[in-house]
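Residue-level listing of the chains:
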Amino acid sequence: MELKNREEIVKDIKKDYFLLLPNGEEIKLDLSNKEEVLNVLDKYGYPELIDYVKAEELPGEVKEEAPSIKEMKRLELADNESSSDSGNHRMYPNGQLMFSLIKDWQERIAKYELGAMEIGSPLFYNKADEQILAQCGSFHERHYSVRVPDDPNKEFILRFAADFGLFKMVQQAQFSYKQLPLRFFEYSSNFRYEKSGELSGLKRDRFFHMADIHCFCKDEEQAIKEYKDICCKYEDLNSGMGIKYANVLRIVDVFYDKFKADLVELVKYAGRPLFIERMDKMKHYWAMKHEWQSIDSVHGNQQLSTVQFDVKEGKVYNIVYANENGEKENCIIVHSSVGAVERCMYAILEEALKLEKPVLPLWLSPVQLRVLPVNNDIHLNFCESLDFDGIRYDIDDRNEKLGKKLVRARQEWIPYVIVVGDNEAAGGKFKVNDRLKNEVYEMDEQELEEFIKKQIKGFPYRPIALSKYISKRPSFYGAI
């Protein structure tokens, strides 16, 4: 099979661009006229949409390195693994905690809110398989290849998404229209050989993890309903992570005409304009694709979640169901990814770095509350008697002056800090320093616990990743 690269595939496709507003109005955009486009966006767009178009659709400015690349190391969350290939990261304990919390939330959406069945599949696949090659042909320049020791002529492809194994599995399954839609979920480890100049911290790497959801539908009517339901879930997910983003759609002409009313519903749900790239023919397996494009602190963009309306792969893999007459028909597939966890971490860090005093969302902060004894000899025992159940809290028990402990708490972006001196140890209320709001509250132990729990209610929770005592923690990076 002759493989074409991306440029060869898209060179003959005609495109036009416009905004779709919540009232259904279309605002044309001529991307060849940068000044005019920016004027239109300034009138109708959100700041994130303006930044997205500047970064992705009107490129030209060289972006500076995103600060999270250094901060993820300084905060001891993640770093490149020098003994692996470039673009492969190690996660330190606090980084793995953030990773796991995001993964927990993604899995909650997939398995419990959408009711998808979880599966597992291999990491690599035979390149000679015609169905797999047909699906990933345009992606062939970014494959990792694996060869087996006893047959150097046999080549395998490391997967870049969870499609291959799932499609092979569903291909052999028997089901009828009465059982559709069928939803499957896999939390997959993926590999993409991104070019060296494209690698950028957790934003773009070569090994990443992603929650993939696939819905197998009987017809376009059922598929568009699934498509809309998932889009709404992803709106809620990204908003809940505190990420600001632009909504983008890429769609083939005929499908825009079919589904405009449905798209207007989604624009209304999001409450912001939708940037649309409309094409005269398909360039991939999907006929339309929603993207959630977050904007970092240096005004660059990165795709988070995506939903795709696939009218091709059901035929490529011969995935069929029995219709009302017992005849075999190919499924329409709604692909979606909740988003690479690493890229979500990147976007969350970058949102924090937009603030005057950076701080992570409370439910994702590795430490939510820090307790500072003024004098270890006098106040540490009282600090150890405190018990904030269901909250990630720690104690700075180092033999350091209070000022140095406060500096460390600021450097680590600790959301809430209490200082324990004579009055507090004698039963007085704590003065709670709120980093985000730059305010101080007075609360007793129970009030403080309830105050923090109220803010993290409904979000995933895991216990603290490191020792509760700072003096007992290793230093992985040494900058704090």
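Whatever comes next refers back to the structure up there.
Residues numbered from 1 in each chain as written. Predicted model: local features only at pLDDT ≥ 70, side-chain atom pairs only at ≥ 80, totals over all residues. Heavy atoms only, no water.

Student: Tell me what's going on with the side chain of S68, and back it up with residues and numbers.
Tutor: Considering the arrangement of structural elements, one finds S68 in helix α4 (residues 68–74). Those residues in contact with S68, other than ones at most four positions away along the chain, are Y346, L349, E350 and L353. (Helix = DSSP H or I, 4+ residues; strand = E, 2+ residues; numbered from the N terminus. Contact = heavy atoms within 4.5 Å.)

Student: Tell me about the pairing of strand β18 (residues 369–373), and please be specific about residues and values.
Tutor: Counted residue by residue, β18 has five buried out of five residues, so it is predominantly covered. Burial along β18 is two-sided: the residues L369, V371 and P373 and R370 and L372 are all buried. Bridge count for β18 against strand β19 (residues 393–395) is three bridges, and the pairing is parallel. Directly across from L369, in β19, lies its bridge partner Y393. Crossover connection from β18 via helix α12 (residues 376–385) to parallel β19: handedness right-handed. Of the pairings in the sheet, the one linking β18 to strand β20 (residues 416–420) comprises five bridges and is parallel in character. Its bridge partner lying in β20, V371 is registered against I418. (Buried < 20%, exposed > 50% of the residue type's maximum accessible area, 1.4 Å probe, protein only. Pairing = 2+ DSSP bridges. Right-handed = clockwise from strand over helix to strand, strands pointing away.)

Student: Kindly report on the packing of helix α8 (residues 220–240) against helix α9 (residues 253–270), identifying the contributing residues and their values.
Tutor: Across the interface, α8 lies against α9 with an axial gap of 11 Å and an inter-helix angle of 25 degrees. Classed by the angle they form, the pair α8 and α9 counts as roughly parallel. Pair α8 / α9 crosses with right-handed handedness. For the pair α8 and α9, contact is made by E220, I224, Y227, K228, C231, C232, E235 and D236 and by F255, K258, F259, D262, E265, L266, Y269 and A270, respectively. (Axes fitted to C-alpha atoms, helices over the stretch in contact; angles between N-to-C directions. Parallel < 35°, antiparallel > 145°, perpendicular 65-115°, else oblique. Left-handed = near helix turned anticlockwise from the far one by under 90°.)

Student: An account of the environment of P415 is requested, with residue identities and associated values reported.
Tutor: By secondary structure assignment, the location of P415 is in the loop between α13 (402–411) and β20. Separated by 205 residues in sequence, P415 and M210 place their C-alpha atoms 28 Å apart. Beyond its immediate stretch of four places on either side in the chain, P415 contacts V359, L362, S365, V367, Q368, N433, D434 and R435.

Student: Tell me about the layout of surface pockets, and please be specific about residues and values.
Tutor: One number sums up the size of the second largest pocket: a volume of about 420 Å³. If you trace the second largest pocket, you find 22 residues lining it, with V359, L360, P361, L362 and L436 closest to the centre. Elements supplying a minimum of two residues to the lining of the second largest pocket: α11 (341–352) and α15 (445–456). If one sorts the elements of the lining of the second largest pocket by residue count, α11 sits on top with three residues. Here the residues of the lining of the second largest pocket sort into 16 nonpolar, two polar and four charged. (1 Å grid on protein atoms, 1.4 Å probe; cavity = no way out; pocket = protein on both sides within 12 Å on 5 of 7 lines; lining within 4 Å. Points joined across faces, edges and corners; volume = space filled by probe spheres on them. Nonpolar A, V, L, I, M, F, W, Y, C, P; charged D, E, K, R; others polar.)

Student: Describe unusual backbone geometry, naming the residues involved and giving the relevant values.
Tutor: In this structure, P181 follows L180 across a cis peptide bond, with omega equal to 5 degrees. Along the chain, P181 falls in the loop between α7 (163–171) and β9 (182–191). The phi torsion at E76 lies on the positive side, around 55 degrees, for a residue other than glycine. You can see E76 is positioned in the loop between α4 and β3 (78–80). When its relative accessible area of 14% is taken as the criterion, E76 is described as buried. Its identity as a non-glycine residue notwithstanding, N438 has a phi of 55 degrees, on the positive side. Within the secondary structure, N438 is located in the loop between β21 (430–434) and β22 (439–443). For N438, a relative accessible area of 59% puts it in the exposed group.

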